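Notes for the structure review
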Amino acid sequence: MNIKISDKFLREYIVTQASVDEIAKYLSLSGPNVESIQKRGGDFIYDIEVTTNRVDLMSAVGIARELSAILPRFGIEAKLKSIDFSDQPKIKKGVKFEIEADPKLINRVTGVVIGNIKNFKTPDWMKERLLASDIRSLGAPIDITNYIMLEMGQPLHVFDYDLIKTQKFKIRESKKGERVVTLDGKEYKLAGGDVVIDDTTGRIIDLPGIIGVKNSVVTSNTKRVILFTENNNPIKIRKTSMNLGIRTLAAVINEKGVDPTLTIKAILRGILLFKNICKASPLSLIIDKNFISYKQKSVKVKHSYITESLGVNLTKKEIKSFLTPLGFDGKWNKDILELKVPSFRANDISRREDIVEEVARIYGFHNLPSKLISGGILSKRQNDDYLFFENKLKRLISCLGGNEVYTSSLIGVQGAYKLKNPLGTDSTYLRTTLLYGLVEAALQNHSQEKFHIFELSNVYLPNGNDLPLEKPMLSGVFFGYDYRRAKGVIETFLEKLHIEALFNQVDKSPFLPGRCLLIRNGDERIGMMGYIDEKIIYYEFDPIILKQKHREYPKYKKPSKYPAQVEDITLTLPERTKAGDILSEIKKSSKFIENVRLDVIYNDNYTFRVWYLDPRKTMTDKEVKEIRNNFLMIVQKKFGVKVKN
Amino acid sequence: MEEEINNLRNQAFFQINEAKNIDDLEKIRVNYLGRNGKISKYIKHLKTIPNEKRKQIGALINETKYVITSQLTAKRNLIKNKAREWMDLTVPGEKIETGSLHILTYAIEEISSLFEKIGFIRKRYREVEWDYYAFESLNFEKWHPARDDWETFFVDAKDHPKYGPMLLTPHTSSAQVREMQNAIKSGDKAVKMINISKTFRRQSDASHVPMFHQFEGLFVDKEVSLSNLKGTIDYFIQNFFEGKREARLRPYYFPFTEPSFEIDISCDICNKRGCKVCKDGWLELGGAGMVHPNVLKNGGFDPKEYRGFAFGWGVERVFMMKKNLGIDDIRTVYSTDLRYLKQF
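For clarity, every value in this text was computed on a predicted model and none was experimentally measured.

Rules of the game
- For every chain, the first residue of the written sequence is number 1, and numbering continues from 1 onward in sequence order.
- In the order they appear in the text, chains get letters beginning with A and ligands get numbers beginning with 1.
- The model is predicted, so local features are restricted to residues of pLDDT at least 70 and side-chain atom pairs to those at 80 or more, both for listing and for counting; the totals for chains, interfaces and linings are taken over all residues.
- Calculation of side-chain values draws on the structure's entire complement of heavy atoms; hydrogens and water are dropped beforehand.
- Numbering of helices and strands starts at the N terminus; helices are DSSP runs of H or I of at least 4 residues and strands are runs of E of at least 2.
- Note that the radius of gyration is over C-alpha atoms, with the globule rule given as 2.2 Å times the number of residues to the power 0.38.
- Between buried and exposed lies partly exposed: a residue is buried under 20% and exposed over 50% of the maximum accessible area for its type, with that area taken using a 1.4 Å probe on protein chains only.
- Contacts are assigned to residue pairs with any non-hydrogen atoms lying within 4.5 Å of each other.
- Just so you know, the domain bounds were taken from an automatic or database domain assignment.
- The term salt bridge refers to a side-chain nitrogen of Lys or Arg lying within 4 Å of a carboxyl oxygen of Asp or Glu.

What chain A contains, in helices and strands, is 17 helices and 34 strands. Relative to the 2.2 N^0.38 estimate, which gives 26 Å for 645 residues, the radius of gyration of chain A is 39 Å and therefore markedly larger than a compact globule would have. Its C-alpha atoms give chain A principal-axis dimensions of about 130 × 60 × 50 Å. Considering chain A as a whole, with its 645 residues, one finds that 53% of them fall into the buried category. Put simply, 66% of the contacts in chain A that link residues at least 6 apart link residues at least 24 apart.

Spelled out as structure tokens, the structure:
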């Protein structure tokens, strides 16, 4: 969450010679981050990012307090200024105003009736400070509430007293389907269970901590107001605010858990500002129903714990001097520091590590020395090597022409696991295959003539009631590829991994009928490839199986001293003959056939190149002829092929 | 005799003229000038020639030898020069079609190898997790905004009786407790992990995508200080980024580290002037901090004895911060356009 504060506004609470740039730079280094500085008129606006644990910094006072601790560490003096409050109103018989609240719904409610409003015009300095924080001026009564929110971090609200006939607030939960029109004129339907304020007639007059309701809004005709504030249940605020999509600054602050001691201070500050600006005065005593009894926390921490955690030797005096300006009341008891935690840090500070953090940041992270880690050797655990193998596969495929992509794990095609809260219908399911993402990527590139893309990522397979099985897959798509070239890539890929592959043509979804090739090693299936449509050849492998089957290096085979005899033989194949079958038939017909390769296909004519080799001697033409005649006879008989030339 | 020698010379000239290659010329040379060549024979006969004629014939033979040799040389050079035909070696080559690795793969390789050098071991942990590992064990308050439907993806599945709802892991920190538990199971007394995994958040803009990658360092041991964390960060920044990049550490808040801070590095795209990717000239590299004692406890390490530090940063983010890469929208990283992919 961010807060915007003008420089002039900030300097109401701190006296320092620090420049605007110095404030931004040093605050960022040791406190909340100043994301930008904007010049407006004669003033500057700091846009400050506040972390969720430090809602106390969503205020000018909070930022000033941080600066009072940080600036002196950079050699710049800084002193906090205090703010003025009204005294408790002393009224004998006030006007009627009652609050009925349920401690389960709200922590504290505080309010007062103010009347005799003589001025509705907001002074320019206040308007400018509100505008710096992107808050529009809506007349003095409303502006005062917003000003106090920016000043102290406590959101407040004003109601028109005379528009609430019952003069009574009842804090209850909403019923499902109840409607409200907020002060900006928008209508909302409530989900039920939201905390609302009812005027006891069933009429909702406020969504406390989030936004006001139109039916009780203060205008320039208002005579009397109820100045009201609460300490809310952060979870309830978050739920209602997110459900309705109402992200007011008040809601953003209240959902983080505000200092419970602030409500009364904010009301007393409000009475003072109403007096000063509107010339108004209270008409009732302050009603303050406090359901949580806040007790000051304390934390103990050893001196050595702080110095060892930082890796820096700090004296006890230094440590205390860092913490005091932040509001910590500390006392050294020998080597133990006993700290009283201020109420505005109660949610955030509860243990010694929290204190180390405060000391570390005020000391300055930039002042810490740099030391590398040491330590012993750890056991080698399963899976540590697998990731290296993945890289090897990726490098191999990319060398063979594959372009790596990362497609989304979330897809629109039904899978085993569905999201409860997807961002869109095209990202509702966890994928069970990489196919859809790759085909989509391929179609996106359809204007390219020919390409090969691949991905190595997890798919998510059903696993009973347990977490899904996250299984890595290596898949790819050849688009516009000649089939023999695509298969050649796959064959080379497996060869380079030293995996012997067998191929079986089958019928298998999602491939076109009869256009799937199962790839096996022995009896085990290691992958498959085939046509998804006429232009797209898809393949997939299980990389874990590839890792089991592959060899880093093959066993050395001594090259033969004698040259091989090489010849080309062209066969005319009858229709629907599988060239792969002929090739393996030739290969296995003699141990002297070292290699067979399909070279050229022209119509039905297939030219095979055959290498004949006897490792013990140079083969004679006669010996080669015998081997050739033998396999020709076999393939003629078995497949009915004809020999050309 | 003089006539015979003159005939021989003419014959040799004719043959030299007809010769096609160096081999032919060599044959001619041997034929005429070799040890048993036609001219050499006459030299052997010289002593049978009467004295008054011997001198004259000798001079003729020498002259013939000389002219044949020079003709042979001239022809040899001619043939050689002919072989040096015009050829354009600067002609564009026929390129081998190669593919490309994704920039994320380069980034992950580089990050893991940098951290491996200082003793971290690369891991990859779950992408789908139980709430317990993603939030509960990491000390997240029940009401923390990250735990609600607006920031984290939840899976439509039965809650685990012990570990709560099933979700897509929103950060690599979900691996912290798992890795500590695994270390103890393996008998290790320390953890040095660099976990690089896919992570998911409900978000989409120039610097956020719903699916992205993070890397998480976790170091747990007996003697660990904030200065070690700072040293590790400095090591990474000095080695991963080229040139002079400034880094700054800012206090921050994470439920699972205490103290916590964020590391920023000066923006390379706008040179610290402020642009679409950074806000104020500084880019958030990511968070870091000392492991919260509750998290150590949940991982099975006694916080009285052990301390740790952790950092978790976006892979895309740090890679986009590299000098002269020029990608300023994280959605570009996940583009499947070949015109982008093939550049890397």
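The rest of the description comes next.
This brings us to the domain arrangement of chain B. Taken as a whole, chain B is organised into domain 1 (2-83) and domain 2 (103-124 + 185-341). For domain 1 of chain B and domain 2 of chain B, the distance between their C-alpha centroids amounts to 86 Å.

What follows deals with the pattern of salt bridges. Under the defined criterion, the tally for this structure stands at 61 salt bridges over all chains. One salt bridge connects Glu552 of chain A with Lys392 of chain A, and the closest N-O pair in it is separated by 3.3 Å. You can see Glu552 of chain A sitting in the loop between α15 (543-549) and β31 (565-572) and its partner Lys392 of chain A sitting in helix α12 (residues 386-399), a full 160 residues away along the chain. The exposure class assigned to Glu552 of chain A is exposed, which follows from its relative accessible area of 52%. Across the pair Glu136 of chain B and Arg147 of chain B runs a salt bridge whose closest N-O atoms are separated by 2.7 Å. Here Glu136 of chain B, found in the loop between α6 (131-134) and β3 (166-168), pairs with Arg147 of chain B, found in the loop between α6 and β3; they are 11 residues apart in sequence, far enough to count as distant. For Glu136 of chain B, a relative accessible area of 31% corresponds to the partly exposed category. Since its relative accessible area comes to 12%, Arg147 of chain B is described here as buried. Each of the salt bridges in this network shares a partner with another, and the network as a whole consists of Arg54, Asp56, Arg65, Glu66, Arg345, Asp348, Glu358 and Arg361 of chain A.

Attention now goes to helix α7 (residues 175-185) of chain B. Where α7 of chain B is concerned, the buried positions are Ala175, Gln176, Val177, Arg178, Glu179, Met180 and Ala183 of chain B. Phi turns positive, to about 80°, at Gly187 of chain B, one or two residues after α7 of chain B.

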